[in-house]
Amino acid sequence: MSTDTGSTAAFTDPATLDHDALEEGTAFAPRFDDKGLVTAIAQDAGSGRVLMVAHMNAEALSLTIETGVVHYWSRSRGALWKKGETSGEVQELVSLATDCDQDVLLLKVNQTGRGAACHTGRVSCFYRELDETGALRDTGEARLFDPKAVYKA
């Protein structure tokens, strides 16, 4: 059984698969949560660096597979989001993998534009680290663009 996403890409319904088929089989059956979302990790295809973590609904996943341009679901805006549509920081899909039980996706991408995946203008959303006192410490990663200039209200 497949879930129609309103476009040409379809996924196997994970409820139709047994444990072995879900974890070892060849059926692509993303396990969307109760809000219809699956976690997506974007990783730079060249360096291997984790760029960001976001979420996809079935439509975003279908569009990503069909177009090769990464789309997400914005939980804060409640809307489909083509990565880079406003900023020019488009992510081109190189490969897509899923974890063992298909509830997390790993997207290897070519980050275009100025190379910033983060809305703060940095290459990665992971620009702060926990220090020995339990506080966040900025790693010093430079901004590649000014978000106030790019995301004008």
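The model shown is predicted, which means the values in this text are computed figures rather than measured ones.

An order of 4-3-8-7 is seen for the 4 strands of this open sheet, with the pairing classed as mixed. Of all the strands in the sheet, just strand 4 (50-56) and strand 7 (91-98) have a single pairing partner and so form its edges. With direction set aside, neighbouring strand axes in the sheet form an average angle of 30°. Pairing analysis gives 6 bridges linking strand 3 (residues 38-44) to strand 8 (residues 104-111), with the strands arranged parallel. Note that in strand 8 the partner of Asp 44 across the bridge is Val 109. Across the sheet, helix 2 (residues 58-67) touches strand 4, strand 7 and strand 8, and the angle it forms with strand 4 is around 125°.

To continue, consider a nonpolar patch on the surface. Residues Val 50, Val 53 and Phe 126 make up a contiguous nonpolar surface patch of about 250 Å² in total accessible area. Here Val 50 is to be found in strand 4.

This paragraph deals with the nonpolar core. With 17 residues, the main nonpolar core has Leu 51, Met 52, Met 56, Val 70, Tyr 72 and Leu 107 as its most contacted residues. For this core, the secondary-structure elements that each account for two or more residues are strand 3, strand 4, helix 2 and strand 8. The greatest single-element share of this core, amounting to 4 residues, is contributed by strand 4. Apart from the residues within four sequence positions on either side, Val 70 is in contact with Met 56, Thr 64, Trp 81, Lys 82, Lys 83, Gln 91, Leu 93, Leu 107 and Val 109.

Turning our eyes to something else, we now look at the layout of surface pockets. Of the volumes computed, that of the largest pocket is approximately 650 Å³. Contributing to the lining of the largest pocket are 27 residues, with Met 52, Arg 77, Trp 81, Lys 83 and His 119 lying nearest its centre. Looking at the lining of the largest pocket, the elements that each hand over two or more residues are strand 4, strand 5 (71-74) and strand 6 (79-82). Here the residues of the lining of the largest pocket are counted per class, giving 13 nonpolar, 8 polar and 6 charged.

Our next topic: helix 2. Restricting attention to buried positions, one finds in helix 2 the residues Ala 58, Ala 60, Leu 61, Ser 62 and Thr 64. Elements that come into contact with the buried residues of helix 2 comprise strand 2 (10-12), strand 4, strand 5, strand 6, strand 7 and strand 8. The N-cap of helix 2, judged by a side-chain oxygen 3.3 Å from the amide nitrogen of Glu 59 a few residues on, is Asn 57. Phi for Gly 68, located one or two positions after helix 2, is positive at around 80°.

For the structure shown, the criterion picks out 0 disulfides. Free of any disulfide, Cys 125 has its nearest neighbouring cysteine sulfur in Cys 118, separated by 3.4 Å.

Bridging between strand 5 and strand 6 involves 4 bridges; their strand directions are antiparallel. Its bridge partner being in strand 6, Tyr 72 is matched across the sheet by Trp 81. The loop that links strand 5 with its antiparallel partner strand 6 comprises 4 residues; one of these, Gly 78, has a positive phi angle of about 65°.

Turning next to the environment of Val 123. Along the chain, Val 123 turns up in the loop between strand 8 and strand 9 (128-130). Considering only alpha carbons, one finds Val 123 and Gln 111, 12 residues apart in sequence, at a separation of 8.8 Å. Non-local contacts of Val 123, meaning those with residues more than four positions away in its chain, are made with Arg 49, Leu 51, Gly 115, Ala 116, Ala 117, Cys 118, Glu 141 and Leu 144.

Quick look at the environment of Gln 43 now. Structurally, the position occupied by Gln 43 is in strand 3. The class for Gln 43 is buried, based on a relative accessible area of 15%. As a C-alpha pair, Gln 43 and Asp 99 span 56 residues in sequence and 14 Å in three-dimensional space. Sequence-distant contacts of Gln 43, that is, excluding residues within four places in its chain, are made with Gly 48, Arg 49, Val 50, Leu 51, Leu 106, Leu 107, Lys 108 and Val 109.

Rules of the game
- Residues numbered from 1 in each chain as written.
- Predicted model: local features only at pLDDT ≥ 70, side-chain atom pairs only at ≥ 80, totals over all residues.
- Heavy atoms only, no water.
- Pairing = 2+ DSSP bridges.
- Helix = DSSP H or I, 4+ residues; strand = E, 2+ residues; numbered from the N terminus.
- Axes fitted to C-alpha atoms, helices over the stretch in contact; angles between N-to-C directions.
- Contact = heavy atoms within 4.5 Å.
- Patch = residues over 30% accessible without salt bridge, like charges linked within 9 Å, V, L, I, M, F, W, Y side chains within 5 Å.
- Areas by Shrake-Rupley, 256 points an atom, 1.4 Å probe, with all protein chains shown as cover.
- Salt bridge = Lys/Arg side-chain N within 4 Å of Asp/Glu carboxyl O.
- Core = buried A, V, L, I, M, F, W, Y, C linked by side-chain atoms within 4.5 Å.
- Buried < 20%, exposed > 50% of the residue type's maximum accessible area, 1.4 Å probe, protein only.
- 1 Å grid on protein atoms, 1.4 Å probe; cavity = no way out; pocket = protein on both sides within 12 Å on 5 of 7 lines; lining within 4 Å.
- Points joined across faces, edges and corners; volume = space filled by probe spheres on them.
- Nonpolar A, V, L, I, M, F, W, Y, C, P; charged D, E, K, R; others polar.
- Polar contact = N/O pair within 3.5 Å; in protein donor to acceptor, adjacent residues only side chain to side chain.
- Disulfide = S-S within 2.5 Å.

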